[in-house]
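So the chains spell out like this:
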Amino acid sequence: MARGRLRVMLGAAPGVGKTYAMLEEGERLRALGTDVVVAVVETHGRVATAALLEGLEVVPRRLVEHRGVTLDEMDLDAVLRRHPQVALVDELAHTNAPGSEHAKRWQDVEDLLEAGIDVISTVNIQHIESLNDVVEQITGVPQRETIPDAVLRRADRIELVDLAPQALRDRLAEGVVYPAARVDAALSNYFRLGNLTALRELALLWLADEVDSALQQYRAEHGIAGTWEARERVVVALTGGPEGETLLRRGARIAARSSGGELLAVHVTSQDGLREAAPGVLANQRALVEQLGGSYHQVVGEDIPRALVEFARGESATQLVIGVSRRSRLSALLTGPGIGATVIRESGDIDVHIVSHARAGGRFALPRPKGGLTVRRRVYGFLLALVGGPLLTLLLTTGRSHESMTADVLSYQLLVVVVALVGGIWPALFAALLSGLTLDFFFVEPLYTITVGEPLHLLALILYVVIAALVSLVVDQAARRTRAAQRAAAEAELLATVAGEVIRGEDAVQAIVMRTREAFGLTAVRLVMPGGDVVASDGTEPDGEPAQRIPVGTVDGRGAADARASLELYGRDLEASDRRLLSAIVAQLDAALEHRELTATAAELAPLAEADRVRSALLAAVGHDLRRPLAAATAAVTTLRQEELALSEGDREALLETAEDSLRGLAALVTDLLDASRVQAGVLAVSLAPTELDDIVLPALDELGIGPGDVELDLSPDVPPLLADGVLLQRVLVNLLGNALRYSPPGTPPVLAASAFAGTVQLRVIDRGPGIPEERREAVFAPFQRLSDTDNDSGIGLGLALSKGFVEGMGGTLDVEDTPGGGLTMVVSLPAAGGDA
């Protein structure tokens, strides 16, 4: 069924006449003979709009109870059952009542389009996702109901229902749009002349972009050459902060205003893992990027501005959107130019947009100190500076002299280096400042004052403090890199171990859960399904409530309500630096759970697929092989019943024989089909008993109607009785000998041989025919398989399938071997009566 076509009436504001235009179009189509129904229309009490509903078929709405309030919604199932040619669906961005099949009305419209129903709908410009924040800035009213840009861009036709702002205000004042009680408030708030003008401009620009894209697509499809501007590729830099949504919507507008613009969002992750953004915020922003029709990317780099510019160059970006720094002015003064200034300097020919936002930095906030060492080591560093400084001063003052000044400075320098090695930059700076004052007070003339008599001594003290600060900074950076390297090695080892266990065939979910507890030093870890069932655990009984619940299988990061499962972590709260590894573990768990579900589904579907294949083959067999004997028997009986025909006694006998043979073949065919169904269902009735070989072979030869010269028998007298079902074994021999006779060349009869070995009796049916190719030997045992599809006298291909099923039902095997010198040998192995098989 062809997909339906979507036609959207786009308006700049409520009241411009979108619903009126939609109903007029529906009335026009109905007059032309088109089957049109009204799926849902909101008249909002407007008399002229309600009048247009007369004459149009309206599908009754569905009533939904929510928190004691009765809500009416479009009845999607009723519209699908009615299946008109065209459905009129008002307010495309409407949010459905809780408990509906879909959350949004545009998703209901997608179902109608998939069913082949054309849809005419309406939407206002303020409901488009990429323009949501702009409309809020213009009108001051946030829009709760939005529609992804991609949904609207996929529409087959978008028509602008335009009305001048003053004309809309006049309609509002006349009470055409809203009741009289709401007119004054509307005119003084949302429907101000400036607001309506700005909204109209947005609608015209958005539609103009759509027209431009459609024209470019037309020229490309028809090979029309011409000079066109290069496609804009807009890269939006995300820090993981709350300002990301503002930047994304601004970037989407920039991309949308160009011809075929493309939106890319990128987040640069620091290599040391110490400056990680909140994963939930990034997940929400990633979902927003996809709603805006863009793509999300994540790169790793220590130099964030360089990594950002390199990504933009690699993607051939033309514009780069970044936010105003959240650092304060004092922080920028102390730490130098920020990322924005560096990006502008490195960007070259890429245009850089710096967007202001509500989270821009304040005036007097101090920069937050960051280091690569733990809090405990910093505390130890401060203690070492406070204790070691006075002790060193006491030691040096006992041997103080003019010649010892250099040794005194170097001693304090050594103390600063030791403090830097222990506690990092901030304790080292504290030790440098403290030791500088101590040197000035105890060792520089005049003594016991903080004044310096010689300028060179002052310069020496300043250089001393600077050198101490640089040394401590280098030590801190080295500690940071060492910590990052150790963490990266540990993460790589953990992921490699989990991957190795999965490759070796171990339970991936269980392995990941075990390694998670070990990696983060937790007391217990469990993977719990939404219903409360524990999928996997580390074997430790958890105590109390989990410290964290991480949803597994969600993309929005807002909770585990709709997740595939929840990872419960017991023990300590994880630090920010652990989030990167945890996100990788959660992603692996999601993939492992999905693989487990797909494997279980495939296992459930495999028998159904096999049954469906057998059923299809059975129907094909019934259509051909059952028709032939039925037709022959019917023709024979019909001829015999015609009294006007003068049939001789020989003719009557021949017709009766034909009918008898056809009915006998039909009975055998039906019996084979019933047996095949029993074998497939595993309900084959088998009665095992000691059976003499002679009691099976002779009846089988009689059933085939062959004499001693047609089959060569090689039956050893020492063959013991078999443990078998005599009836089933006879049918097996009949099938195998029938095939051997059919394919044996003239003058070379097949051989039936029997032998015993190790408690097993083997029956071999040997022929000198063409044999079966190696690649088809497994296929011949499948139901409804024949070596030649053009051979209509060889049955429906159940003989070998039934034979294998019968033999296996008796506890034996049926194998295929090559006959030495050419041909095929079918080997039936059954346990000997009383022997060890």
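Residues numbered from 1 in each chain as written. Predicted model: local features only at pLDDT ≥ 70, side-chain atom pairs only at ≥ 80, totals over all residues. Heavy atoms only, no water.

Notes on the overall build of the protein
(1) Moving on: Each helix and strand in the protein was counted, giving 24 helices and 24 strands.
(2) Moving on: For the protein, with 837 residues in total, the buried portion stands at 41%.
(3) Moving on: Within the protein, residue pairs in contact and separated by at least 24 positions form 71% of the contacts whose partners lie at least 6 positions apart.
(4) Moving on: In the structure as shown, the protein presents an accessible area of about 43800 Å², 56% of it carried by carbon and sulfur atoms. (Helix = DSSP H or I, 4+ residues; strand = E, 2+ residues; numbered from the N terminus. Buried < 20%, exposed > 50% of the residue type's maximum accessible area, 1.4 Å probe, protein only. Contact = heavy atoms within 4.5 Å. Areas by Shrake-Rupley, 256 points an atom, 1.4 Å probe, with all protein chains shown as cover.)

Description of the sheet that holds strand β7 (residues 118-124)
Two modes of strand pairing occur in sheets, parallel and antiparallel, and in both the strands are linked by backbone hydrogen bonds.
(1) Moving on: If you trace the six strands from one edge of the open sheet to the other, you get β3-β2-β6-β7-β1-β8, paired in parallel fashion. What marks the edges here is a single partner per strand, and that holds for β3 (57-58) and β8 (157-161).
(2) Moving on: Strands in contact with helix α1 (residues 18-31) are β1 (6-11), β2 (36-40), β6 (86-89), β7 and β8; relative to β7, the strand with the most contacts, it is inclined by about 165°.
(3) Moving on: Sheet strands touched by helix α4 (residues 105-114): β1, β2, β6 and β7. Its angle to β6, the strand with the most contacts, is close to 180°. (Pairing = 2+ DSSP bridges. Axes fitted to C-alpha atoms, helices over the stretch in contact; angles between N-to-C directions.)

Re unusual backbone geometry
(1) Moving on: Here H44, not a glycine, exhibits a phi torsion of approximately 55°, which is positive.
(2) Moving on: Tracing the chain through its elements places H44 in the loop between β2 and α2 (47-52).
(3) Moving on: Look at H83: it is not a glycine, yet its phi comes out positive at around 45°.
(4) Moving on: Note that H83 resides in the loop between α3 (76-82) and β6.
(5) Moving on: What makes H83 partly exposed here is its relative accessible area of 34%.

A few points about the packing of helix α5 (residues 132-139) against helix α10 (residues 244-256)
Packed helix pairs are specified by the crossing angle of their axes together with the interaxial distance, meaning the distance between the axes.
(1) Moving on: Contact geometry for α5 and α10: axes closest at 9 Å, N-to-C directions at 100°. Judged on the interaxial angle alone, α10 and α5 are roughly perpendicular. Contact residues: N132, D133 and V134 in α5; T246, R249 and R253 in α10.
(2) Moving on: A class-by-class count of the residues in the contact of α5 with α10 yields one nonpolar, two polar and three charged. (Parallel < 35°, antiparallel > 145°, perpendicular 65-115°, else oblique. Nonpolar A, V, L, I, M, F, W, Y, C, P; charged D, E, K, R; others polar.)

Comments concerning the nonpolar core
(1) Moving on: Grouped together as the largest cluster of nonpolar side chains are 61 residues, with contacts concentrated most on L88, V89, L112, V123, I125, L199 and W206.
(2) Moving on: Ranked by residues supplied to this core, first place goes to helix α9 (residues 193-221) with six residues.
(3) Moving on: In contact with I125, not counting residues within four places along its chain, are L10, G11, A12, L131, L199, L202, A203 and W206.
(4) Moving on: Counting residues in hydrophobic clusters, the runner-up holds 36 residues, among them V697, L728, F806 and M826. (Core = buried A, V, L, I, M, F, W, Y, C linked by side-chain atoms within 4.5 Å.)

Here's the deal with the environment of G381
(1) Moving on: Checked against the element boundaries, G381 lands in helix α15 (residues 375-397).
(2) Moving on: By relative accessible area, which is 0% here, G381 ends up buried.
(3) Moving on: For G381 and G423, which are 42 residues apart along the polypeptide, the C-alpha to C-alpha distance reads 3.9 Å.
(4) Moving on: When neighbours within four sequence positions are excluded, G381 is seen to be in contact with V419, V422, G423 and P427.

A few points about the sheet that holds strand β21 (residues 751-757)
(1) Moving on: What the five strands build is an open sheet, ordered β19-β21-β22-β24-β23; its pairing is mixed. Edge positions in the sheet fall to β19 (712-715) and β23 (813-818), since each of these pairs with one other strand and no more. Adjacent strand axes in the sheet meet at a mean angle of 20°, parallel and antiparallel pairs treated alike.
(2) Moving on: Bridge count between β21 and strand β22 (residues 760-767): seven bridges; the pairing is antiparallel.

What about empty space enclosed by the protein?
(1) Moving on: Tallied over the full model, the rule gives three cavities of 30 Å³ or more.
(2) Moving on: Residue lining of the largest cavity: S130, L131, L202, L205, W206, D209, A252, R253, A256 and R257, and that is the complete set.
(3) Moving on: Broken down by secondary-structure element, the contributors of at least two residues to the lining of the largest cavity are α9 and α10.
(4) Moving on: Looking at the lining of the largest cavity element by element, the count peaks at four residues for α9.
(5) Moving on: The residue inventory of the lining of the largest cavity, partitioned by class, reads six nonpolar, one polar and three charged. (1 Å grid on protein atoms, 1.4 Å probe; cavity = no way out; pocket = protein on both sides within 12 Å on 5 of 7 lines; lining within 4 Å. Points joined across faces, edges and corners; volume = space filled by probe spheres on them.)

Re a nonpolar patch on the surface
(1) Moving on: Side chains of V375, V379, Y380, L383, L386, V387, L391 and L434 sit close together on the surface and give an oily, nonpolar patch of about 750 Å² of accessible area.
(2) Moving on: Of the residues forming the nonpolar patch, the biggest block, seven residues, is contributed by α15.
(3) Moving on: By the secondary structure assignment, L391 is in helix α15. (Patch = residues over 30% accessible without salt bridge, like charges linked within 9 Å, V, L, I, M, F, W, Y side chains within 5 Å. Salt bridge = Lys/Arg side-chain N within 4 Å of Asp/Glu carboxyl O.)

Overview of the pairing of β23
(1) Moving on: Pairing geometry for β23 and strand β24 (residues 824-831), over six bridges, is antiparallel. Within β24, the position partnered with L814 by the bridge is V828.
(2) Moving on: Hairpin connection from β23 to β24: five residues lie between these consecutive antiparallel strands, with G821 at a positive phi of about 90°.

Considerations on the side chain of H102
(1) Moving on: Locating H102 in the fold gives a position in the loop between β6 and α4.
(2) Moving on: Look at H102 and you get buried, because its relative accessible area is 19%.
(3) Moving on: For H102, the side chain forms a polar contact with the side chain of D111, separated by 2.6 Å.
(4) Moving on: Setting aside residues no more than four positions away along its own chain, H102 makes contact with L76, N96, Q107, D108 and D111. (Polar contact = N/O pair within 3.5 Å; in protein donor to acceptor, adjacent residues only side chain to side chain.)

Examining the pattern of salt bridges
Opposite charge on two side chains permits them to pair, given that their charged atoms come into close proximity.
(1) Moving on: Under the definition given, this model contains 23 salt bridges.
(2) Moving on: One salt bridge in this structure joins E57 and R82, with 2.8 Å as the shortest N-O distance. Placement of E57 in strand β3 and of R82 in helix α3 is noted, with a sequence separation of 25 residues between them.
(3) Moving on: The partner of R233 in a salt bridge is E262, and the shortest N-O contact between them spans 2.7 Å. Here R233 is found in strand β9 (residues 233-238), whereas its partner E262 is found in strand β10 (residues 262-269), with 29 residues between them in sequence.
(4) Moving on: The class for R233 is buried, based on a relative accessible area of 14%.
(5) Moving on: Relative accessible area serves as the criterion here: at 24%, E262 is assigned to the partly exposed category.
(6) Moving on: Connected through salt bridges with shared partners, the residues R7, E25, R28, R157 and E159 form a single ionic network.

Topic: helix α12 (residues 304-314)
(1) Moving on: Buried within α12 we find P305, A307, L308, V309, F311 and A312.
(2) Moving on: With its phi angle positive at about 55°, S316 sits one or two positions after the end of α12.

Some remarks on the environment of V36
(1) Moving on: As for its placement among the helices and strands, V36 is situated in strand β2.
(2) Moving on: On the accessibility criterion, V36 (5% relative accessible area) is buried.
(3) Moving on: For the pair V36 and Q85, spaced 49 residues apart in sequence, the C-alpha to C-alpha distance is 6.1 Å.
(4) Moving on: Filtering out sequence-adjacent residues up to four positions away, V36 remains in contact with G26, L29, R30, E57, V86 and L88.

Re the packing of α15 against helix α17 (residues 425-442)
(1) Moving on: Running from N to C, α15 and α17 cross one another at 20°; their axes reach a closest spacing of 9 Å. The angle between the axes of α15 and α17 places the two elements in the roughly parallel class. Relative to α17, α15 is oriented so that their crossing is right-handed. Contacts between α15 and α17 involve R378, G381, F382, A385, L386, T393 and T397 from the former and W426, P427, F430, A431, L434, T438 and F442 from the latter.
(2) Moving on: Class assignment of the residues belonging to the contact of α15 with α17 gives a composition of nine nonpolar, four polar and one charged. (Left-handed = near helix turned anticlockwise from the far one by under 90°.)

Describing the confidence of the model for the protein
(1) Moving on: Within the protein, residue pLDDT values average 76, and 76% of them lie at 70 or more.
(2) Moving on: Mean pLDDT across the secondary structure elements of the protein bottoms out at helix α13 (residues 329-335), with 48, and peaks at β6, with 94.
(3) Moving on: For the stretch residues 362-370, pLDDT sits under 50, and the model shows 18 contacts to residues farther than four places along the chain or on other chains.
(4) Moving on: Confidence drops under pLDDT 50 across residues 555-561; counting only partners more than four residues distant or on other chains, this segment forms 10 contacts. (pLDDT = per-residue confidence, 0-100.)

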